[in-house]
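# Structural overview
Each chain is listed here by its residues.
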Amino acid sequence: MNKEGYAPLENIMNKELISLTIKEFKEKNNGDSIILDTRNSIEFTEGFIPGSISIGLEGRFEECAGNVLPFKQSVLLVTEPGKEKESITRLARVGFEQIEGYLNGGINEWKNSGEAIDLIIDIEADELAMDLPFDDNLMVVDVRTPHEFAEGHVKDSTNIPLKDLTDLAQIASLEEDQNIYVHSGEGYSSVIASSLLKRQGYHNLRNILGGWNKIKEEENIPTEKSGEVLN
């Protein structure tokens, strides 16, 4: 073990990469494992194994994995074919050692076998602008940091930082029948957030493409700042 308490990275990488058939994958997914999908976030929203958590390799992978994944649970990987080793290496860098294996053939193999698929609906910021005035059941969830939220956000939106979305007490204010529109700063973290909420049983979800960067350009979306903005 190294000084942080993790197994040395070279030891983890010397382990054989375990390729799992669909049957083996399903047998190992017994409720104690996490299905981690490391594909591009846009590809993830178009179809994923129900219950999967999205953390795409294209973004702040290590930071987000460390914030939202429990270290003690075993991990089953769904990756873009050829990205299995990179996924395991980057998980190992932040201390994840219990990698059970990866789905052979990836999501296409899963789909082609007729297994169940879930999805997340992506929308543009202008669609949010159109929906806001007419949907009293709409809730905007902003998963940026409290400081970013304070500097500017959609009026009456709820701030639940990404790292807090694994805490059931933090999401207790959300109702399962609400139409939840999720956004981050640029759109990467909101897909992670949406996958976490899906896993907790929230299915009326919309992921806002481009996040706050696109929202603030829409004149018809009311925004505000909080008094606690730091100088």
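Scroll up to find the structure.
Our subject in this report is the structure included herewith.

Attention shifts here to unusual backbone geometry. Of note in this structure, aspartate 156 is not a glycine but carries a positive phi near 70°. Within the fold, aspartate 156 resides in the loop between strand E8 (153-154) and strand E9 (158-159). Aspartate 156 sits in the exposed class, given a relative accessible area of 61%.

On to the sheet that holds strand E11 (residues 205-208), then. Strand order in the open sheet formed by five strands is E6-E11-E10-E7-E9, with parallel pairing between adjacent strands. In this open sheet, the two strands that pair with only one neighbour each are strand E6 (121-123) and E9. As paired strands, strand E10 (residues 179-183) and E11 are joined by three bridges and run parallel to one another. Bridging from a neighbouring strand, tyrosine 181 pairs with arginine 206 of E11. On top of the sheet, helix H9 (residues 188-199) reaches E10 and E11; it is set at about 170° to E11, its chief contact.

Let us look at helix H5 (residues 84-93). Within H5, seven of the 10 residues are buried, which leaves it mostly tucked inside the rest of the structure. Directly beyond the C-terminal end of H5, a positive phi value near 105° is found at glycine 95.

Time to look at the sheet that holds strand E3 (residues 53-54). Pairing between the strands of a sheet comes from backbone hydrogen bonds, and it takes one of two forms, parallel or antiparallel. Here we have five strands laid out as an open sheet, ordered E1-E5-E4-E2-E3, and parallel in their pairing. The open sheet has two edge strands, strand E1 (19-20) and E3, and neither has a second partner. Pairing of E1 with strand E5 (residues 99-103) involves two bridges; the strand directions are parallel. Each bridged residue has a counterpart across the sheet, and for leucine 20 the counterpart in E5 is leucine 103.

Okay, the pattern of salt bridges next. Scanning all chains against the criterion turns up 12 salt bridges. Residue arginine 39 pairs with aspartate 37 through a salt bridge whose shortest N-O separation is 2.9 Å. Classification of arginine 39 as buried rests on a relative accessible area of 6%. A single network of salt bridges, built from pairs that share partners, joins Glu62, Lys83, Glu86, Arg90 and Arg93.

Of note, glycine 51 is situated in the loop between helix H3 (41-45) and E3. A relative accessible area of 31% means that glycine 51 is categorised as partly exposed. For the pair glycine 51 and isoleucine 34, spaced 17 residues apart in sequence, the C-alpha to C-alpha distance is 8.2 Å. What glycine 51 contacts, discounting residues up to four positions off in sequence, is Ile35 and Arg199.

This part is about the packing of helix H4 (residues 61-68) against H5. Closest axis-to-axis distance for the H4/H5 pair is 9 Å, and the angle between their directions is 60°. When the axis of H4 is compared with that of H5, the two are oblique. Here H4 and H5 pass one another in a crossing that is right-handed. Listed contacts from H5 to Phe61, Glu62 and Ala65 of H4 are Ser87, Arg90, Leu91 and Arg93.

Quick notes on the rules
- Each chain has its residues counted from 1, running along the sequence as written.
- With the structure being a predicted model, the display of local features is reserved for residues of pLDDT at least 70 and the display and counting of side-chain atom pairs for 80 or more, all residues being used for whole-chain, interface and lining totals.
- Computation of side-chain values covers all heavy atoms of the structure but excludes hydrogens and water.
- Put simply, DSSP H or I for four residues or longer makes a helix, DSSP E for two residues or longer makes a strand, and each gets a number counted from the N terminus.
- Classification of residues uses two cut-offs on accessible area relative to the type maximum, computed with a 1.4 Å probe and protein chains only: under 20% is buried, over 50% is exposed, and between them is partly exposed.
- Following DSSP output, two strands are said to pair if at least two bridges run between them.
- Residue contacts are defined here by distance: any two heavy atoms, one from each residue, within 4.5 Å place the two residues in contact.
- For helices, the fitted line uses only the C-alpha atoms of the stretch in contact; every axis is such a line through C-alpha atoms, and the angle between N-to-C directions lies from 0 to 180 degrees.
- Basic side-chain nitrogens of Lys or Arg form a salt bridge, by our definition, when they fall within 4 Å of a carboxyl oxygen of Asp or Glu.
- Roughly parallel here means an angle under 35 degrees, roughly antiparallel means over 145, roughly perpendicular means 65 to 115, and every remaining angle is called oblique.
- Take the far helix as the reference: if the near one is turned anticlockwise from it by less than a right angle, the crossing is left-handed, and if turned clockwise, right-handed.

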